[in-house]
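Chain residues, written in single-letter form:
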Amino acid sequence: MGFNCGIVGLPNVGKSTLFNALTESAAADAANYPFCTIEPNTGRVAVPDPRLEKLAGIATSQQVIPTQLEFVDIAGLVRGASKGEGLGNQFLANIREVDAIIHVLRCFDDDNITHVDDNVDPVRDAETVETELMLADLDSVEKRITSLTKKARGQDKEAQALLVTMEKLYKGLSDGHPARAVPELNDTERAALPALQLLTAKPVLYACNVDEDAAASGNAHTEKVKARAEAEGAGMVIVSAAIESEIIALAEDEKVDFLADLGLEEAGLARLIRAGYSLLDLITFFTAGPKEARAWTVRRGSTAPNAAGVIHTDFERGFIRAETITYDDYVACNGEVGAKEAGKLRVEGSEYLVKDGDVFHFRFSV
């Protein structure tokens, strides 16, 4: 089961530098000119979770395997992308394939790095990208309405129901609402949005790329982005791509001192990765034993058999039960044996909804 976040934004906002730092590679060619990223670069990164090391210590695991999240570095967008300007068509197609959007906004001033609009204004930049995505969605919805109208006239019940949704979306988008925030949609219609593959239906996280001085507390630019994010119910993270690029070259003990000097408790990338994970409404469950301690990912609301299937399809197909211990109980009882003796090990069936931090031992038969 793969989950990915597309890193988007205008040219020269630091997308590729951030991606390079995320993946600790030079996969994306960061340079001071637009469209240095043409083909989308993809990288998988470990999701930081201190609970995993704790479980591994208790279980004396030989290997520690974190769960991962995929990031996709997508070419910079310019005005007119919805009509094919710049690398517009390719940009929009690449966004359509990701699960969520991390929108990188330039929140630093530097005369040596050009800006496509000649001055720094992250809220305007956010609106530029959002407008192009909404225009592309409007075009897509309009075409679907034309097709559905013909089917609806033929008494196609499914087409008639979907046509109502599409008309609501068209009105909302025309009024300036992204698909995820169209007020006329009911809960059922909102739940069906992912299947429609609309660009503005995807959840958004704003990543404010700042200079070193603003890494700890932000600046006037990030305050404006914060207000926008709060108004639309989006997330926001402050990160300095330049600092993160320096950090990856340091030894672990040097990283702690470097961050402390900047007034930071942890790297901005760790916050960004966790925020992306949360944006997708993902949770983590664990398996732990002498061979390995491992973190696994499922969407919130997944059942125990769903979780078992992430490990292996046979586990889900032949699911019998899930022997379950909460993370806190596992630690407090010093492992599975102690938890069992203390009555903290539960046997859960196929209807059980996975909770973040569950430690599982699955029983199955095929």
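Summary of the structure given here. Note that the coordinates shown come from a computational prediction; the quantities given were computed from them, not determined experimentally.

1. A few points about the sheet that holds strand E1 (residues 4-8)
What the six strands build is an open sheet, ordered E2-E4-E1-E5-E6-E7; its pairing is mixed. Lying at the two open borders of the sheet, with one neighbouring strand each, are strand E2 (41-46) and strand E7 (235-239). Neighbour-to-neighbour, the strand axes of the sheet open up by a mean angle of 25°, direction not taken into account. Relative to E7, strand E6 (residues 204-209) runs parallel, the two being bridged by five bridges. When the sheet's bridge partners are listed, Cys-208 is paired in E7 with Ile-238. Along the sheet, helix H11 (residues 268-279) makes contact with E1, E2, strand E4 (68-73), strand E5 (100-106), E6 and E7, crossing E7 at roughly 165°.

2. Describing the packing of aromatic side chains
Following the criterion strictly, the structure yields eight aromatic pairs and no others. Taking 6.4 Å as the distance between ring centres and 15° as the angle between the ring planes, the aromatic pair formed by Phe-285 and Trp-296 counts as stacked. Of this pair, Phe-285 sits in strand E8 (residues 282-288) while Trp-296 sits in strand E9 (residues 292-299), and the two are 11 residues apart along the sequence. You can call Phe-285 buried: its relative accessible area is 0%. On the accessibility criterion, Trp-296 (11% relative accessible area) is buried. Their ring planes at 85° and their centres at 6.4 Å tell us that Tyr-352 and Phe-360 sit as a pair that is edge-to-face. Grouped by ring-pair contacts, the aromatic residues Phe-285, Trp-296, Phe-319, Tyr-352, Phe-360 and Phe-362 constitute a single cluster.

About the thresholds
Residues numbered from 1 in each chain as written. Predicted model: local features only at pLDDT ≥ 70, side-chain atom pairs only at ≥ 80, totals over all residues. Heavy atoms only, no water. Pairing = 2+ DSSP bridges. Helix = DSSP H or I, 4+ residues; strand = E, 2+ residues; numbered from the N terminus. Axes fitted to C-alpha atoms, helices over the stretch in contact; angles between N-to-C directions. Contact = heavy atoms within 4.5 Å. Phe/Tyr/Trp six-rings, centres within 6.5 Å; stacked < 30°, edge-to-face > 60°. Buried < 20%, exposed > 50% of the residue type's maximum accessible area, 1.4 Å probe, protein only.

Function cannot be inferred from these measures alone, as they are strictly geometric.
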